[in-house]
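Architecture and fold: a report
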Amino acid sequence: MSYLRLVQVTKTYHADGRAVEALAGVDLEVRQGEFVALVGPSGCGKTTLLHLVAGLEVPSSGRIELAGEPIRGCSRDRALVFQEPTLFPWLTAADNVAFGLRTGGVPLRERRERALALLQSLGLDGFATSYPHQLSGGMRQRVAIARALAVCPQVLLLDEPFASVDALTREALQEELVRIWQARRPTVLFVTHSREEALALADRVIVLSPRPGRVRAELALPMARPRSPVELAPWLERLRDLLAQP
């Protein structure tokens, strides 16, 4: 049974007297607790799709439903992590993580405890009082993920969250994300340009066509994690063929 549902979703932008169609007739159903990766060429509307689900933008046509109810605007049940960590530079790591809890009225002691526990789970114990400029890029992204997880979202939206970190950090963050997802089971939509990353992390990979983005194909991955390169080789070849199509 679908939990997140997009029905004939279209998004058109208007600028300089012309219309640019980013998405066209997207149909997508995601089960509760499923990890879904979105891949496709640059400009195919992957980020736009995340923004629509987050409630930052509204579809030009079609509808988006969560648990049978239409999505209207932003909500604490959906959290978005951007490609670049958007932390408040004047707040410590712990205060950044606790920010959503503070605005939600969670008592000081509870939000402090939850922030510290999340930082520890992401390997950042000892850095709670550090400011963003004192942290590496990978560490800042961990803080951003912790901040998103702090509000216990039902849907976690990630827009190429590991694109700007080095290969070793990326691998570590991938492992931590899977571990946290397996423990908490939020529904995940994960945008990436990396075929290998999509196949390593997701239950299902959705392939979007060039702009305007449409669902071209989907690959369901039955293997348990972690997945070896040998296991993923035939899937990688299939995904490469799909992405090469005009």
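This write-up is about the structure you can find in this document. Nothing here was measured: the structure is a model prediction, and the numbers come from that model.

1. Here's the deal with the sheet that holds strand 9 (residues 204–208)
Backbone-to-backbone hydrogen bonds pair the strands of a sheet. The strands run either parallel or antiparallel. With respect to topology, six strands assemble into an open sheet ordered 6-7-8-3-9-10, the strand pairing being mixed. Only two strands of the sheet have a single neighbouring strand rather than two, namely strand 6 (78–81) and strand 10 (215–220). The sheet shows a mean angle of 15° between the axes of neighbouring strands, direction not considered. Bridge count between strand 6 and strand 7 (residues 155–159): four bridges; the pairing is parallel. Directly across from Val81, in strand 7, lies its bridge partner Leu158. Set on the sheet, helix 1 (residues 46–54) makes contact with strand 3 (35–39), strand 6, strand 7, strand 8 (187–191) and strand 9; between it and strand 7 the angle comes to about 150°.

2. Overview of the packing of aromatic side chains
Tallied over the entire structure, the rule returns five aromatic pairs. Between Phe35 and Trp181, the ring centres sit 5.5 Å apart and the planes meet at 85°, which makes this aromatic pair edge-to-face. Taken together, the positions of Phe35 in strand 3 and Trp181 in helix 5 (residues 167–184) put the pair 146 residues apart, joining distant regions of the chain. On the basis of relative accessible area, Trp181 is assigned to the buried category, the value being 2%. Aromatic pair Phe88 and Phe99: ring centres 4.6 Å apart, planes at 50°, arrangement tilted. On the criterion of sequence distance, the pair formed by Phe88 in the loop between strand 6 and helix 2 (93–103) and Phe99 in helix 2 is long-range, its members being 11 residues apart. Owing to a relative accessible area of 23%, Phe88 belongs among the partly exposed residues under this scheme. Given the relative accessible area of 25%, Phe99 is considered partly exposed. The structure contains a cluster of three or more aromatic residues connected by ring pairs, namely Phe35, Phe162, Trp181 and Phe190.

What counts, and where the lines are drawn
- Residue indices follow the written sequence of each chain, beginning from 1 at its first position.
- Local features in a predicted model are, by the rule used here, given only for residues with pLDDT of at least 70; side-chain atom pairs are given and counted only at 80 or more, and totals for whole chains, interfaces and linings are based on all residues.
- Side-chain metrics rest on all non-hydrogen atoms present in the structure, leaving aside hydrogens and water.
- Criterion used throughout: strands pair if DSSP finds at least two bridges between them.
- Under the DSSP-based scheme used, a helix requires at least four consecutive residues in state H or I and a strand at least two consecutive residues in state E, with every element numbered from the N terminus.
- Interaxial angles span 0 to 180 degrees and are taken between N-to-C directions of axes, which are lines fitted to C-alpha atoms, for helices over the stretch in contact.
- The criterion used for residue contact is that any of the two residues' heavy atoms lie within 4.5 Å.
- Stacked, tilted and edge-to-face pairs are distinguished by plane angle, under 30 degrees for stacked and over 60 for edge-to-face with tilted covering the rest, among Phe, Tyr and Trp rings (Trp via its six-membered ring) whose centres lie within 6.5 Å.
- Accessibility here uses a 1.4 Å probe with only protein chains present; expressed as a share of the type maximum, an area under 20% marks a residue as buried, one over 50% as exposed, and anything in between as partly exposed.

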